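Structural features, examined
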Amino acid sequence: MASSSWLPVVVCALLLLQAVPAARAARAFFVFGDSLVDNGNNNYLVTTARANSWPYGIDTPDHRATGRFSNGKNVPDLISESLGSEPVLPYLSPELDGDKLLVGANFASAGIGILNDTGIQFANIIRISKQLTYFEQYQHRLAKLIGPDQAARVVASALTLITLGGNDFVNNYYLVPYSVRSREFSLPDYIKYILSEYKQVLRRIHGLGARRILVTGVGPIGCVPAELALHSLDGRCDPELQRASEAYNPQLEAMLAELNAEVGNGAGGNGPVYVGVNTRRMHADFIDDPHAYGFATASVACCGQGPYNGIGICTMVSSLCANRDQYVFWDAFHPTERANKLIAQQYVSGTTDYISPMNVSTIIMLDRHLHD
């Protein structure tokens, strides 16, 4: 595809993200996971895993860091737009109270993984078990506001997103040579182990009342600038990390199919509870051919230092690109807002190659009667 062909793709993405009128924004939105979806919880923690200083947030309206690992919006923000809703607040935000609870909550915390020993170098982060405990607390708070029956309906009719798994490889199994987990497990056995743990997490979310759960796979982790800086001399993705995500994602899809067979239909009895999101494919489109999507590079981060701007974190003394829209990656691990918009487009309207067995637009149509 020629580089001049990117404009229709972006215009289509923006139109689709705005396709659902605000009048239908009656459903709540819950977010669990790691830094790809954290929108500020870690700002309230004493941890190094924070995005609370400039130039994070440089392209927000007030050009201030928000706790999102982005120059602007992240994927949950853009999904909220597709629901016709305001962005959900971090659960730890003191502003999350009263009617704001009806919008939902974001429980995500940068650095975490499926396993409790993932991200131990970040110390004080909200591990997934604690995120689910907070989800229970949220429901008690909501019940006090609108009553237990109505609170249960809000949760059951909500959209839920969970993004986990990448850190279990880059910040655990492959964190250092001969890591504890790599000595304990071969890669195939490790994948089986983390998926068995993840299955229990997903069952618990369902047990807490969620009935539409988007579950993301692991992206092309061998292609992020941080890994290129460590392992690549020519910009090629690290084959070992790519092998890990290639092996993990099909098994995750199979596990979601098992869970759907186990729990039956989702909200209102229509369609599945668990929806698989192929983030590896979403990212791979513009990593494989960045110019086709209007990007100048998919290997160098906009903000950072060292090879590919992939060493360390993004700070005010880092090398900073002038035009964020030309970069797939904002920092060593995370996409720019513009890349996030293209990813979110596939959540909303993508084919089953990207999100299966149905996309967010289809979910909204199926569940429309729940919010009339």
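Residues numbered from 1 in each chain as written. Predicted model: local features only at pLDDT ≥ 70, side-chain atom pairs only at ≥ 80, totals over all residues. Heavy atoms only, no water.

This brings us to the sheet that holds strand 5 (residues 274–277). Overall, mixed pairing links the six strands, which are arranged 2-1-3-4-5-8 in an open sheet. Both outer strands of the open sheet, strand 2 (104–106) and strand 8 (355–356), are each paired with one neighbouring strand and no more. Where strand 4 (residues 213–216) meets strand 5, four bridges bridge the pair, whose relative direction is parallel. Across the sheet, the residue bridging to Thr216 is Val277, located in strand 5. (Pairing = 2+ DSSP bridges. Helix = DSSP H or I, 4+ residues; strand = E, 2+ residues; numbered from the N terminus.)

Right, let's get into the packing of aromatic side chains. Counted under the stated rule, the structure contains 19 aromatic pairs. Geometrically, the ring pair formed by Tyr56 and Phe69 is edge-to-face, given 5.9 Å between the ring centres and 70° between the ring planes. Of this pair, Tyr56 sits in the loop between strand 1 (29–33) and helix 2 (75–82) while Phe69 sits in the loop between strand 1 and helix 2, placing them 13 residues apart in sequence. Taken as a pair, Tyr56 and Phe69 share a single burial class, namely buried. Plain terms: the ring middles of Tyr56 and Trp330 are 5.9 Å apart, the flat faces sit at 70° to each other, and that makes the pair edge-to-face. Note that Tyr56 is positioned in the loop between strand 1 and helix 2 and Trp330 in the loop between strand 7 (319–320) and helix 11 (337–349), a separation of 274 residues in sequence. When sorted by exposure, Tyr56 lands in the same class as Trp330, which is buried. Cluster of aromatic residues (ring-pair linked, three or more members): Phe30, Phe32, Tyr91, Phe107, Tyr134, Phe135 and Tyr138. (Phe/Tyr/Trp six-rings, centres within 6.5 Å; stacked < 30°, edge-to-face > 60°. Buried < 20%, exposed > 50% of the residue type's maximum accessible area, 1.4 Å probe, protein only.)

What follows concerns the side chain of Gln242. Within the secondary structure, Gln242 is located in helix 9 (residues 239–263). In this structure the side chain of Gln242 is engaged in a polar contact, spanning 3.4 Å, whose partner is the backbone nitrogen of Ile221. Excluding its chain neighbours within four sequence positions, the residues that come into contact with Gln242 are Pro220, Ile221, Gly222, Cys223, Cys237 and Arg280. (Polar contact = N/O pair within 3.5 Å; in protein donor to acceptor, adjacent residues only side chain to side chain. Contact = heavy atoms within 4.5 Å.)

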